[in-house]
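Okay, here's what each chain looks like letter by letter:
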Amino acid sequence: MNIVDKFTRYVKFDTQSDEISSLTPSTLKQLELGRQLVKECEEIGFDDVKMNKYGIVYATVNATAPGYDSIGFVAHMDTATEISGKDVNPRIIHKYDGSTIELNDRYSMSPKAFPHLNKVIGDDLIVTDGNTLLGADDKAGIAIIMQAMDELIHSDTKHGKIRVAFTCDEEVGRGTDHFNVKEFGVDYAYTVDGGAIDQVSYENFNAARAKVVINGTSIHPGDAKGKMVNASTLASEFVLSMPKEETPECTEGYEGFYHLIDMKSSVDKAKLVYIIRDHSKEKFIQRKQFMIENVQKFNDVYGSRFNVVIMDEYPNMANYIHDMTVVEKAFKAIEKVGITPGSKPVRGGTDGARLTELGLICPNLGTGSYNHHGRYEFASVQKMEKMVEIVKNIVTL
């Protein structure tokens, strides 16, 4: 089974996580893909395979020679919450010619609207049917790791111990809540959870989530004068009070933002959910403080109707990487396949951010997939195959 077979099999599992759920994993359907991966790992010939009670799949490839580092590779099974991951119907476009891709009668994507398409002209692309996301984030990473291990196991390549982990709930910030770093037992690791395959990412956002609850006073509108306080109206005022130029659609590079990701409201109660992001630790702290102070300003006007709870999600791994050897090794692995490597700040995060904070240095590698978290997601077969070679190079260098 080649990497396309693996990938197109994995994306058909509905593994969308759920930030509201109190379960671990947050959706039990993630366990279905976990069980499939356990089965495949055993069939491929991993030396030790298990899925723990939290849904994390661990697998080992024993060392074939002394003197090599022990290395881990990590990818996540769940898909994003923004759009459905059910009934994914992947389609392969052979030798993409640079034209507009018609996903269905309603949706299409062109290189002008989605410039990443200009980087994959001539490649075979795997796209959606326009009704769901694809799930390349991060099932492309899973497929790359599985294919690389498959090829290593069935070769006479010399390497150290390799550990693989497939996590749940990364998209809702819980991917490493029950990750056993000590048991994983490697010198360092890499997440395979990015876009461009020339990038080795070791800088990411500091991340937090803020939930603002607004309590109104519901009165019959016919008798509301001087009595009703409409929580929906207050919610609208609050949203408009946030910095308009500090949103994802207005920022890039190292610029942080506030992002309203969910809003539910009625006259009686409203709830706003924001994610707060910044690469700078100092600015990140300032952003959280601004949210608290803004809530207090509204309470000063409206009488303690606003409440905010802010929860940290993951840190910038750059704050914890004090030795760049692991990054430099990945650079060499990429150069070995004829690609010039680089590193740009990640405007997001991976399981690696939290793992690095916990003491396991874990920068991020690309997958050759783009436009994640939406119906316009696509993956390049050739770049996924090239990424398999890069992973193998990391192991054997």
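Everything below is about the structure shown above.
Since we're looking at a predicted model, the values are computed, not measured.

### Considerations on helix α9 (residues 381-396)
Part 1: If you check α9, its first and last C-alpha atoms are 23 Å apart, about what 16 residues at 1.5 Å a residue would give, namely 22 Å.
Part 2: Residues of α9 that are buried: Val381, Lys383, Met384, Met387, Val388, Ile390, Val391, Lys392, Asn393, Ile394 and Val395.

### With respect to the pattern of salt bridges
Part 1: All chains considered together, the criterion is met by 17 salt bridges.
Part 2: Close ionic contact of Lys329 with Asp69 constitutes a salt bridge, the shortest N to O distance being 3.8 Å. You can see Lys329 sitting in helix α7 (residues 325-335) and its partner Asp69 sitting in the loop between β2 (57-61) and β3 (71-76), a full 260 residues away along the chain.
Part 3: Of the residues examined, Lys329 reaches a relative accessible area of 11% and is grouped as buried.
Part 4: Across the salt bridge formed by Glu357 and Arg354, the nearest N and O atoms sit 2.6 Å from each other. Here Glu357 pairs with Arg354, and both are found in helix α8 (residues 351-357), just 3 residues apart, close to one helical turn.
Part 5: On the accessibility criterion, Arg354 (30% relative accessible area) is partly exposed.

### Some details on the packing of aromatic side chains
The geometry of two aromatic rings is summed up by the distance between their centres and the angle between their planes.
Part 1: Applying the stated criterion across every chain, the model contains 15 aromatic pairs.
Part 2: Relative to Tyr274, the ring of Phe238 has its centre 6.3 Å away and its plane inclined at 70°; by these criteria the two rings are edge-to-face. Of this pair, Phe238 sits in helix α5 (residues 231-241) while Tyr274 is found in strand β13 (residues 269-278), placing the two residues 36 residues apart along the sequence.
Part 3: The class for Phe238 is buried, based on a relative accessible area of 0%.
Part 4: Joined through ring pairs, the aromatic side chains of Phe238, Tyr274, Phe298, Tyr302 and Phe306 make up one cluster.
Part 5: Of note, Arg287 hangs over the ring of Tyr258, and the distance from its end group to the ring centre comes to 4.9 Å.

How each quantity is defined
- Residues numbered from 1 in each chain as written.
- Predicted model: local features only at pLDDT ≥ 70, side-chain atom pairs only at ≥ 80, totals over all residues.
- Heavy atoms only, no water.
- Helix = DSSP H or I, 4+ residues; strand = E, 2+ residues; numbered from the N terminus.
- Expected span 1.5 Å × (residues − 1).
- Buried < 20%, exposed > 50% of the residue type's maximum accessible area, 1.4 Å probe, protein only.
- Salt bridge = Lys/Arg side-chain N within 4 Å of Asp/Glu carboxyl O.
- Phe/Tyr/Trp six-rings, centres within 6.5 Å; stacked < 30°, edge-to-face > 60°.
- Lys NZ or Arg CZ within 6 Å of the ring centre and 35° of its normal.

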